[in-house]
Amino acid sequence: MTHPAGVVERPLGRGRLLGYGVGSIGTGVFSAVPGLLLLYYLTDMLGVPAAVAGVVLVAPKIWDVLLNPLVGAASDREAVRTGRRTKLLAIGAAALPVTFALMFAVPGGIPGGVPGALWSGVAFLLAATAFACFQVPYVALPAEMAGTQSARTRIMSWRVVCLTVGILVAGGLAPAVVDLAGGGRAGYAVMGVVIGALMAAALVAATLGTRWVPSRPGPRPLGPVAAFRLARGNRPFFVLLAAFVTQALAVAVMLAGAPYVASYRLGDYGLTSVMFVCLVGPSMLAVPGWAWLARRHGAVRCYLAASIGFCAVAVALIPAVAGGGLAATLALTALAGVCYAALQLLPLSLLPDTVHADAARTGQAQSGAFTGLWTAGETAGLALGPGLFALVLAVSGFVSAPTGSPVAQEPAALTGLLLGFTALPALLMLISLPFVAWYGRLAKEPV
């Protein structure tokens, strides 16, 4: 079979599928850990005010949003010259684990507060840059690995399972390593090194495992401005992107709120790992089911159903968490995880359709340019999520303090963190629904 861009499709055995998917273990870790633990590390380990901590989390990602389209154009230029996207993948794989570890390794000689926030913020900026170098070409590869939606859904199934493993490592193993290492700043520093090493293994394996993928974006390399001019006529892409970014923001807000709900509503910070496993673990098991349902009923219809389901579960969590019901909270979190699987699998399997459709329109299969815009949007959502939750904390009167000097929170702060964890993600998911339906109409798929 031949792709629209003229690339001959290769057989996709399990070795090649795993060689691609394993990279998502590393990207899943980096996508989840800052949102889950960095905000808490800043406010409760370093004593950084919530508003300042929010700026630390958002500022590097703003840079990343600007950088991703440039990396996408650079990846397309590399592909035109060499027929591969390996160089940028290798740069990101080498730099990201080191900069990730530095985020949680504020030296003992640097005090908490603003100086500590500055160290973590600069390290986060460097890590975000390295992440862009890997993630943008990585997301571009499936459009060049397969020419049919069913084959790409298979690729994405492997990727989402590996992504789930990465997120489980982030949410389940990372907090546990902190505790095993004695907690506090030293515990977080050990966690950064351990998780960074696991991340390095996954990213390097994917870089080596995808060298076979041929990349032929078009007859000539395009600069970022020219690439965007071609891309802006692709309405289905931008509608799908709007849905995906809004949902990424909703999930990021919920992830940022998990440690606070565990600590201040359920009474045990250690439950952060349990909540995270309940959210992400079921998604690994749900991926094959969602792939089967998408083949039977259509990807867009399943995508819409999963979005509605996540919204409903987030609303149901309000009374469960408010009442301190641990079993109900964990059960609902697991149900949200089933929906979360589809929110990862289905939009990513639909994304290459928009690239291929644009290739027929423009003659340029600029996968890098589109995935640069896509990852820029995803990055913005993941970055703004913790920042938005930090804003909720600041507005509701949450008082930051190191764990050695705990502060009793006012009822308004407890209510704020509850609604930030539940009602705000539900509202954002509700906002995404018209975009999903709109994409279905543009793609002429039933909704």
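Criteria and thresholds
- Residues numbered from 1 in each chain as written.
- Predicted model: local features only at pLDDT ≥ 70, side-chain atom pairs only at ≥ 80, totals over all residues.
- Heavy atoms only, no water.
- Helix = DSSP H or I, 4+ residues; strand = E, 2+ residues; numbered from the N terminus.
- Buried < 20%, exposed > 50% of the residue type's maximum accessible area, 1.4 Å probe, protein only.
- Areas by Shrake-Rupley, 256 points an atom, 1.4 Å probe, with all protein chains shown as cover.
- Patch = residues over 30% accessible without salt bridge, like charges linked within 9 Å, V, L, I, M, F, W, Y side chains within 5 Å.
- Salt bridge = Lys/Arg side-chain N within 4 Å of Asp/Glu carboxyl O.
- pLDDT = per-residue confidence, 0-100.
- Contact = heavy atoms within 4.5 Å.
- Core = buried A, V, L, I, M, F, W, Y, C linked by side-chain atoms within 4.5 Å.
- 1 Å grid on protein atoms, 1.4 Å probe; cavity = no way out; pocket = protein on both sides within 12 Å on 5 of 7 lines; lining within 4 Å.
- Points joined across faces, edges and corners; volume = space filled by probe spheres on them.
- Expected span 1.5 Å × (residues − 1).
- Bend = angle between axes of the 7 residues up to and from the residue.
- Axes fitted to C-alpha atoms, helices over the stretch in contact; angles between N-to-C directions.
- Parallel < 35°, antiparallel > 145°, perpendicular 65-115°, else oblique.
- Left-handed = near helix turned anticlockwise from the far one by under 90°.
- Nonpolar A, V, L, I, M, F, W, Y, C, P; charged D, E, K, R; others polar.
- Phe/Tyr/Trp six-rings, centres within 6.5 Å; stacked < 30°, edge-to-face > 60°.
- Lys NZ or Arg CZ within 6 Å of the ring centre and 35° of its normal.

**Things to note about the overall build of the chain**
Here is step 1: Along the chain, the regular secondary structure elements total 16 helices and 0 strands.
Here is step 2: Within the chain, the proportion of its 447 residues that are buried is 59%.
Here is step 3: Summed over its atoms, the accessible surface of the chain is roughly 15500 Å², and 71% of this surface lies on carbon and sulfur atoms.

**Section: a nonpolar patch on the surface**
Here is step 1: Taken together, the side chains of I62, W63, L66 and L125 define a hydrophobic patch exposed on the protein surface, amounting to about 380 Å² of accessible area.
Here is step 2: Examining the composition of the nonpolar patch, we find that 3 residues originate from one element, helix α3 (residues 50-82), more than from any other.
Here is step 3: You can see L66 is positioned in helix α3.

**Observations concerning the confidence of the model for the chain**
Should the pLDDT be low somewhere, the predicted coordinates at that spot are not to be read in detail.
Here is step 1: The pLDDT averaged across the chain works out to 83; a share of 87% of its residues lies at or above 70.
Here is step 2: At the level of individual helices and strands, the chain shows its lowest average pLDDT in helix α9 (residues 224-231), which scores 60, and its highest in helix α4 (residues 86-103), which scores 95.
Here is step 3: The low-confidence segment residues 1-8, where pLDDT is below 50, has 22 contacts with residues more than four positions distant or belonging to other chains.

**Regarding the pattern of salt bridges**
Here is step 1: For the structure shown, the criterion picks out 2 salt bridges.
Here is step 2: A salt bridge links D76 to R85; the nearest nitrogen and oxygen atoms lie 3.0 Å apart. Summarising the burial analysis for this pair, D76 and R85 share the class buried.
Here is step 3: When salt bridges that share partners are traced, they join D76, R85 and E144 into one network.

**Description of the nonpolar core**
Here is step 1: F100, F104, Y188 and M191 are the most contacted members of the largest nonpolar core, which totals 137 residues.
Here is step 2: Per-element accounting of this core gives the leading share, 18 residues, to helix α10 (residues 235-265).
Here is step 3: Residue contacts for F100: discarding those within four places in its chain leaves V29, F30, V33, A127, M191, G192, I195, G196 and M199.
Here is step 4: Among the nonpolar cores identified, the runner-up in size contains 6 residues, and V71, L88, C133 and V136 belong to it.

**Thoughts on empty space enclosed by the protein**
Here is step 1: Tallying each qualifying case throughout the model produces 5 cavities of 30 Å³ or more.
Here is step 2: What lines the largest cavity is a set of 18 residues, and nearest its centre among them are S31, Y340, Q344, E378 and L382.
Here is step 3: Residue assignment for the lining of the largest cavity shows that the elements contributing at least two residues are α2 (23-45), α7 (149-180), α10, α13 (326-362) and α14 (367-396).
Here is step 4: Ranked by the residues each element gives to the lining of the largest cavity, the list is headed by α10, at 5 residues.

**Points about α3**
Here is step 1: Given a rise of 1.5 Å per residue, 33 residues ought to cover 48 Å, and the 46 Å separating the end C-alpha atoms of α3 matches this to within 8%.
Here is step 2: At L67, α3 is deflected by roughly 30 degrees, the largest bend along its length, and proline P69 occurs up to four residues later in sequence.
Here is step 3: Note on α3: the residue one or two positions beyond its end, G83, has a positive phi of about 75 degrees.

**Quick word on the environment of A306**
Here is step 1: Tracing the backbone shows A306 in helix α12 (residues 299-322).
Here is step 2: Sequence separation of A306 and A341 is 35 residues, and the distance between their C-alpha atoms is 8.6 Å.
Here is step 3: Residues contacting A306, with those up to four places away along its chain left out, are W290, C339, A342 and L343.

**Notes on the environment of A93**
Here is step 1: Note on placement: A93 falls in helix α4.
Here is step 2: For A93, a relative accessible area of 5% gives the class buried.
Here is step 3: C-alpha of A93 to C-alpha of A206: the two residues are 113 residues apart in sequence and 8.9 Å apart in space.

**Digging into the packing of α10 against α12**
Here is step 1: Between α10 and α12, the shortest axis-to-axis distance is 13 Å and the interhelical angle comes to 20 degrees. Relative to α12, the element α10 lies roughly parallel. Our pair here, α10 against α12, has a crossing hand that is left-handed. In this structure, α10 uses L240, A243, F244, Q247, V251, M254, V261 and R265 to contact α12, whose residues at the interface are Y303, S307, F310, A314, L317, V321 and A322.
Here is step 2: Grouping the constituent residues of the contact of α10 with α12 by class yields 12 nonpolar, 2 polar and 1 charged.

**Some details on the packing of aromatic side chains**
Two aromatic rings are characterised by how far apart their centres lie and by the angle between their planes.
Here is step 1: A full pass over the atoms with the stated rule returns 16 aromatic pairs.
Here is step 2: With 4.4 Å between their ring centres and 15 degrees between their planes, Y20 and Y138 make a pair best called stacked. With Y20 in helix α1 (residues 14-21) and Y138 in helix α5 (residues 114-140), the pair connects residues that are 118 residues apart, well separated along the chain. Of the two residues, Y20 and Y138, both sit in the buried class.
Here is step 3: Consider the rings of Y41 and Y188, whose centres lie 4.9 Å apart with planes at 40 degrees: the pair is tilted. Linking Y41 in helix α2 with Y188 in helix α8 (residues 184-209), this pair joins segments that are 147 residues apart in sequence.
Here is step 4: Given the relative accessible area of 1%, Y188 is considered buried.
Here is step 5: Three or more aromatic residues joined by ring pairs make a cluster, and in this case those are Y40, Y260, Y264, F389 and F398.
Here is step 6: Above the plane of the ring of W212 lies R16, whose end atom (NZ or CZ) is 4.2 Å from the centre.

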